[in-house]
Amino acid sequence: MYNSKITGLGYYVPDNIVTNADLTKMMDTSDEWIQERTGIQERRWIVEGSEDTSSVMGAKASRIAIERAGLTKDDIDFIIFATLSPDYYFPGGGVQLQEMLDLKTVGALDVRNQCSGFVYSLSVADQFIKTGMYKNILVVGAEFHSGGLDKTDRGRGVTVIFGDGAGAAILSRCEDNNKGILSSHLFSEGKHAQELTVISPSIKHWVPAILAANDESDESYFPYMNGTFVFKHAVVRFSEAIVAGLQANSLQASDINMLIPHQANLRISQFVQKKFGLRDDQVYNNIMKYGNTTAASIIIALSEAWEKGKIKDNDIVVLAAFGSGFTWGSVIIRW
Ligand code: ACO
């Protein structure tokens with residue numbers, strides 16, 4: 001069995017900044033409401049006509065991560081791509097990354113676990129490395145939310161939260177058994193699938209039927225979220241996932257050097273921080289600048305924290321996520 005460690009990180013966000021004040025011109029909302037409930041001040045939204053999509057942004061982040069890992073594109077053995085906003089209904093974005101990055105004809109796996117997408121992807125990549133099957137895996141989380149949001153009063157409870165962006169990590173075989181990914185814990189509870197969902201288009205509600213119905217009140221192709229319900233579950237499940245990881249490694253909360261929670265809502269992160277008695281410098285949040293970028297959020301935050309020198313050799317880094325599904329999980333890393 002081998003260990004796996006992150007050897008390269010990168011992220012990309014579109015240039016276009018959308019502030020809370022900008023949103024007030026589209027819908028009945030306010031900077032005060034958004035900041036008080038979520039901590040978000042601004043997010044990045046792709047502008048119409050831009051070349052950016054989830055795969056294009058994912059490829060941009062990947063080039064940075066591959067270079068920082070000291071690798072070339074031909075060293076990548078496998079691709080894992082997490083998104084809920086793919087360029088196509090099918091095929092998934094993994095194959096587009098393979099083409100855009102001109103990688104060898106390596107396998108490409110798409111992960112559909114929404115906000116937990118990066119944690120799930122990292123866990124899958126870790127298993128492939130542990131068994132010796134692959135040496136360098138490209139793990140990407142990317143989201144193009146802004147194209148699918150309801151930017152009217154009707155969608156304000158969801159739309160103000162989400163932002164666009166992508167992050168990439170290279171997970172590589174590591175000869176040092178004390179370093180790298182120590183554990184991953186993954187969970188799901190499908191009975192709550194409809195509390196945070198986009199229903200259409202689905203095979204049961206396909207595009208011609210939607211167009212034929214010409215029903216302006218049909219909201220099924222916009223994201224729906226039972227915000228309060230999701231919030232209550234998130235704070236519990238985030239904590240459970242972290243505890244599962246700490247226990248599996250005989251670690252205490254005081255051993256955590258850096259917690260990077262999925263950037264769902266600053267209030268959720270603050271709740272988790274308080275529960276584990278962590279100082280501000282032990283938790284990294286950037287939802288204030290980018291909003292919730294779903295599968296990309298942890299990897300963007302991890303990349304940014306690393307760039308700022310906030311993660312050091314031998315640090316215990318905890319990644320934790322919760323989201324649609326419901327799915328949740330944690331990854332514990334000794335850096
Ligand atoms: N601006 C102003 N008012 C608003 C807005 C808005 N953007 N959105 C909703 N409101 C109003 C509502 O209409 C409601 O008004 P009413 O009391 O007159 O009916 C009031 O504000 C309160 O609405 P709630 O939905 O109850 O607001 P809440 O305090 O729950 O905050 C929020 C909403 C921020 C979405 C919160 O519930 C939350 O963060 N939930 C968890 C999100 C999360 O973790 N998601 C998981 C990851 S996402 C993924 O997996 C894809």
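Fair warning: this is a prediction, and the values are worked out from it, not measured in the lab.

Procedures and definitions
- Residues numbered from 1 in each chain as written.
- Predicted model: local features only at pLDDT ≥ 70, side-chain atom pairs only at ≥ 80, totals over all residues.
- Heavy atoms only, no water.
- Pairing = 2+ DSSP bridges.
- Helix = DSSP H or I, 4+ residues; strand = E, 2+ residues; numbered from the N terminus.
- Axes fitted to C-alpha atoms, helices over the stretch in contact; angles between N-to-C directions.
- Contact = heavy atoms within 4.5 Å.
- Buried < 20%, exposed > 50% of the residue type's maximum accessible area, 1.4 Å probe, protein only.
- Domains from an automatic or database assignment.
- Buried area = accessible area lost by both parts, 1.4 Å probe.
- Salt bridge = Lys/Arg side-chain N within 4 Å of Asp/Glu carboxyl O.
- Polar contact = N/O pair within 3.5 Å; in protein donor to acceptor, adjacent residues only side chain to side chain.
- Nonpolar A, V, L, I, M, F, W, Y, C, P; charged D, E, K, R; others polar.

Peer 1: Which residues make up the sheet that holds strand β12 (residues 316–323), and what values do they have?
Peer 2: Hydrogen bonds along the backbone pair up the strands of a sheet, which may run parallel or antiparallel. Pairing in this open sheet of 4 strands is mixed, and the strands run β8-β13-β12-β11 from one edge to the other. Since the sheet does not close on itself, it has two edges, and those belong to β8 (180–188) and β11 (258–261), each with one partner. Each adjacent strand pair in this sheet contributes to an overall mean axis angle of 10 degrees, direction not counted. Sheet topology note: the β11/β12 ladder contains 4 bridges and is parallel. Within β12, the residue paired with I260 across the bridge is L319.

Peer 1: Tell me what's going on with the sheet that holds strand β7 (residues 165–174), and back it up with residues and numbers.
Peer 2: Strand order in this open sheet of 5 strands is β1-β7-β6-β4-β5, and the pairing throughout is mixed. Edge positions in the sheet fall to β1 (3–12) and β5 (107–111), since each has one partner strand and no second. For this sheet, the mean angle separating the axes of adjacent strands, direction not counted, is 20 degrees. Relative to strand β6 (residues 136–143), strand β4 (residues 78–82) runs parallel, the two sharing 5 bridges. Among the inter-strand pairings, F81 is bridged to a residue of β6, identified as V140. Contacting β4, β5 and β6, helix α4 (residues 93–100) crosses the sheet at an angle of about 130 degrees to β4. Strands in contact with helix α11 (residues 297–307) are β1, β6 and β7; relative to β1, the strand with the most contacts, it is inclined by about 90 degrees.

Peer 1: Mind laying out the pairing of strand β13 (residues 327–334), listing which residues take part and the relevant values?
Peer 2: Within a regular beta strand, the side chains point alternately toward one face of the sheet and then the other, so they alternate between its two faces. Counting buried positions along β13 gives 7 out of 8 residues, so the element sits mostly inside the fold. Sheet topology places β8 next to β13; 8 bridges connect them, and they run antiparallel. Directly across from S183, in β13, lies its bridge partner I332. One ladder, built from 8 bridges, connects β12 with β13; its direction is antiparallel. In the sheet register, A320 faces β13, and the bridge partner there is S330. Between β12 and β13, which follow one another and run antiparallel, lie 3 residues, and G325 among them has a positive phi close to 145 degrees.

Peer 1: Kindly report on the domain arrangement of the protein chain, identifying the contributing residues and their values.
Peer 2: Per the domain assignment, the segments making up the protein chain are domain 1 (3–174) and domain 2 (180–334). Centre-to-centre separation of domain 1 and domain 2, based on C-alpha positions: 13 Å. Taken residue by residue, the interface counts 56 residues in domain 1 and 51 residues in domain 2. For the pair domain 1 and domain 2, the summed buried area comes to about 4100 Å², and 63% of that belongs to carbon and sulfur atoms. There are 1 salt bridge connecting domain 1 and domain 2. With its nearest N and O atoms 3.1 Å apart, the salt bridge here joins R68 to E307. Applying the counting criterion to the domain 1 and domain 2 interface returns 20 residue pairs in polar contact (both at pLDDT 80 or more). Of the residues that constitute the side of domain 1 that touches domain 2, the class distribution is 22 nonpolar, 21 polar and 13 charged.

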